[in-house]
Amino acid sequence: CGLDDDMACKRVQSLIRGWLTRRKFRRMIQEYSKSKESIQQRRRLKVIHEIYVSELKYVSDLRCLIKVFLEPMQSLVGTSKQIASDEEIRLIFSNVVDIHHLQEEVFAGIEKEMKSVNPDWH
């Protein structure tokens with residue numbers, strides 16, 4: 001009878017130690033989430049996310065500008081449906097293709113950084 005009581009006592013002690021440890025851990029997490037470092041980290045992540053979203057939209061808009069306006073206008077040069085001369089198209093769109101390529105590289109770098117900060121980033 002004494003052996004069963006010892007095992008039951010050890011089991012209860014183990015459960016209580018586990019409960020106390022979880023409670024202490026929860027309190028530590030709550031305190032950290034209110035800390036200055038945690039608040040600053042959340043702000044940094046918010047700013048990085050805003051930059052990411054802005055760059056994503058910018059790259060998308062540049063791609064749209066090229067696909068919807070530049071390329072169709074260039075394809076009409078020399079036809080009866082020509083809207084603008086080759087020179088006018090170069091003046092209007094200048095270096096938009098170069099800017100688009102550069103921004104894609106910038107965006108890829110931001111995306112890589114986001115994934116390094118948060119591996120679950122998609």
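Residues numbered from 1 in each chain as written. Predicted model: local features only at pLDDT ≥ 70, side-chain atom pairs only at ≥ 80, totals over all residues. Heavy atoms only, no water.

A. Expanded view of the nonpolar core. Core analysis: the biggest nonpolar cluster contains 8 residues, these being Leu62, Ile66, Leu70, Met73, Ala84, Ile89, Phe93 and Val96. The set of elements that each furnish at least two residues to this core consists of helix 2 (36–76) and helix 3 (86–93). When residues in this core are grouped by element, the largest group, 4 residues, is from helix 2. Not counting the four nearest positions on each side in its chain, isoleucine 89 is found in contact with Leu70, Met73, Gln74, Val77, Ala84 and Ser94. Core analysis: the next-biggest nonpolar cluster, separate from the first, contains 5 residues, Tyr52, Val59, Phe107 and Ile110 among them. (Core = buried A, V, L, I, M, F, W, Y, C linked by side-chain atoms within 4.5 Å. Buried < 20%, exposed > 50% of the residue type's maximum accessible area, 1.4 Å probe, protein only. Helix = DSSP H or I, 4+ residues; strand = E, 2+ residues; numbered from the N terminus. Contact = heavy atoms within 4.5 Å.)

B. Here's a closer look at the packing of helix 2 against helix 4 (residues 96–117). The interhelical angle for the contact between helix 2 and helix 4, taken along N-to-C directions, is 150 degrees, at an axis separation of 9 Å. By the angle class used here, helix 2 and helix 4 are roughly antiparallel. Where helix 2 crosses over helix 4, the two elements pack in a sense that is left-handed. Counted by class, the contact of helix 2 with helix 4 contains 19 nonpolar, 3 polar and 4 charged residues. (Axes fitted to C-alpha atoms, helices over the stretch in contact; angles between N-to-C directions. Parallel < 35°, antiparallel > 145°, perpendicular 65-115°, else oblique. Left-handed = near helix turned anticlockwise from the far one by under 90°. Nonpolar A, V, L, I, M, F, W, Y, C, P; charged D, E, K, R; others polar.)

C. Representation of the side chain of glutamate 55 within the structure. Looking at the element boundaries, glutamate 55 is found in helix 2. The side chain of glutamate 55 sits in the buried core without any salt bridge; arginine 63 is the nearest counter-charge, 11 Å away. Of note is the side chain of glutamate 55, whose polar atom sits 2.5 Å from the side chain of glutamine 103. Aside from chain neighbours lying at most four places away, what touches glutamate 55 is Gln103, Val106, Phe107 and Ile110. (Lys, Arg positive; Asp, Glu negative; His and termini not counted. Salt bridge = Lys/Arg side-chain N within 4 Å of Asp/Glu carboxyl O. Polar contact = N/O pair within 3.5 Å; in protein donor to acceptor, adjacent residues only side chain to side chain.)

D. Main features of the pattern of salt bridges. Scanning the entire structure with this criterion turns up 5 salt bridges. Where lysine 57 meets aspartate 61, a salt bridge forms, and the shortest distance between an N and an O atom there is 3.1 Å. With a gap of 4 residues between them, lysine 57 and aspartate 61 both fall in helix 2, about one helical turn apart. The exposure class of aspartate 61 is partly exposed, given its relative accessible area of 37%. Residue aspartate 86 pairs with arginine 90 through a salt bridge whose shortest N-O separation is 3.0 Å. Of this pair, aspartate 86 and arginine 90 are both found in helix 3, 4 residues apart, which corresponds to roughly one turn of the helix. Classification of arginine 90 by relative accessible area gives partly exposed; the value is 48%.

E. Structural context of helix 4. For helix 4, with 22 residues, the first-to-last C-alpha span of 31 Å sits near the 32 Å given by 1.5 Å per residue. All buried positions along helix 4 are accounted for by Val96, His100, Gln103, Phe107, Ile110 and Met114. Angular distribution of buried residues about the axis of helix 4 spans 85 degrees; they occupy a single face of the element. Facing away from the buried surface of helix 4 by more than 90 degrees, the exposed residues are Asp98, Glu105, Lys112 and Ser116. (Expected span 1.5 Å × (residues − 1). Arc of directions from axis to C-beta.)

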